[in-house]
Amino acid sequence: MKYVVRDPNFDSAAQLQALTALVNDKVDVLIVQNPSVTLLVKELKRAEAQGTHVIQINMASNYKSDAFVGADWQEVGRMLADEVVKQCGTASGKSGKVQIVQGELTAAASVDQVGAMMDVFGKDKNIKVVSNQAANWDANTALNITATVIQQHPDLCASAGFWGIMQSGTAQAIRNAGKIDQVKIYASGEGSQLDCDQINQGNFPRFLNYKSTEQGHDLVTAAVTLLSSGVKPGTRHLAYFTMSEWVDKTNATGANCFAIPKAK
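Definitions and limits used
Residues numbered from 1 in each chain as written. Predicted model: local features only at pLDDT ≥ 70, side-chain atom pairs only at ≥ 80, totals over all residues. Heavy atoms only, no water. Helix = DSSP H or I, 4+ residues; strand = E, 2+ residues; numbered from the N terminus. Rg over C-alpha atoms; globule rule 2.2 N^0.38 Å. Buried < 20%, exposed > 50% of the residue type's maximum accessible area, 1.4 Å probe, protein only. Areas by Shrake-Rupley, 256 points an atom, 1.4 Å probe, with all protein chains shown as cover. Lys, Arg positive; Asp, Glu negative; His and termini not counted. Charge placed at Lys NZ, Arg CZ, Asp CG, Glu CD. Phe/Tyr/Trp six-rings, centres within 6.5 Å; stacked < 30°, edge-to-face > 60°. Expected span 1.5 Å × (residues − 1). Contact = heavy atoms within 4.5 Å. Core = buried A, V, L, I, M, F, W, Y, C linked by side-chain atoms within 4.5 Å. Salt bridge = Lys/Arg side-chain N within 4 Å of Asp/Glu carboxyl O.

Draft legend 1. Up close: the overall build of the protein. On a plain count of helices and strands, the protein comes out with eight helices and ten strands. Radius of gyration (C-alpha) of the protein: 19 Å, near the 18 Å computed for a compact globule of 264 residues. Each of the three principal axes of the protein carries a C-alpha extent, and together these read 60 × 40 × 30 Å. Expressed as a percentage of the 264 residues in the protein, the buried residues total 48%. By element, 51% of the accessible surface of the protein is carried by carbon and sulfur atoms, the whole surface being about 12900 Å². Each charge sign in the protein was given a centre, from 24 positive and 25 negative side chains, and these centres are 2 Å apart.

Okay, here's the thing in structure tokens:
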């Protein structure tokens, strides 16, 4: 097996260019994380039409390919929202003001999580979403957005974000405002050491881990299954969902906090 990685560094144009080149090379399996639900659809269809198996990881497109491996984003959104309601809902006696920090507006993770969260929030009259903005997966953008929100709403009760690394910027803004003990900050994410650091530093009370290490194992399983099945690409639609788990100071260690390899 020859394993090739292309990292566009959050540049959608570069990702499309890299994907097009790999499709042209007619590789056996493509594993793709979509920046949006529409951008890469044409190339994913072309890949399967010419005999390449396509596995979409974590953020799916509008096209259903051979396999999907990743989080159930609607369930993740519901779990985040349920936790926020516990802290800020009618029974809490608090303001109920909530901030949402999205990633990319058109990414599946954002679309599905927001939809599920708003369904949950709509059932508690005390919850008021005072800000719902996209930080495009960037911690500095999340910091700047949140700095403005906390000025406008000093009685903010909670912030829910869609990636731990991005949400670390939110935590820094709230800490800078001297309200880290007042505003509860939640995030979903892959479960790296950086996420556990936020817990251990007192920035996140809890973190919703969708376990990207398990996703890595599932990706290999999906690829082997597709290659050994003998079926034509585009004729099967497998799904491997990882179960999300809450991480706090009691379990922010070991397998829940994988180390990020240092660049050589």
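Further notes follow.
Draft legend 2. Highlighting the packing of aromatic side chains. For the structure on display, the rule yields six aromatic pairs. A network of ring pairs unites the aromatic residues F10, W137 and W163 as a single cluster.

Draft legend 3. Spatial organisation of helix α6 (residues 164-176). Taking 1.5 Å of rise per residue, 13 residues should cover 18 Å, and α6 covers 18 Å from first to last C-alpha, within 8% of that figure. Taken together, the buried positions of α6 are occupied by G164, M166, Q167, G169, T170, A171, A173 and I174. In this structure, the buried residues of α6 make contact with β4 (97-102), α5 (139-152), β6 (158-161), β7 (184-189), α7 (193-200) and β8 (207-209). After α6 finishes, the residue G178 shows a positive phi value of roughly 75 degrees.

Draft legend 4. Looking closely at the nonpolar core. Ranked by internal contacts, the top residues of the largest apolar core, which has 49 residues, are V84, M117, F121, W137 and M166. Residue contributions to this core peak at seven residues, all from helix α3 (residues 73-88). Other than its neighbours up to four places away in sequence, M117 contacts G77, L80, A81, I100, A160 and F162. Membership of the second largest hydrophobic core comes to eleven residues, among which are L19, V32, A47 and V54.

Draft legend 5. Structural view of the pattern of salt bridges. Within the structure shown, the criterion is met by seven salt bridges. Two residues, E83 and R206, come together in a salt bridge whose shortest N-O distance is 3.1 Å. With E83 in helix α3 and R206 in the loop between α7 and β8, the pair connects residues that are 123 residues apart, well separated along the chain. The class for E83 is buried, based on a relative accessible area of 7%. Relative accessible area serves as the criterion here: at 24%, R206 is assigned to the partly exposed category. Where K211 meets E214, a salt bridge forms, and the shortest distance between an N and an O atom there is 3.9 Å.

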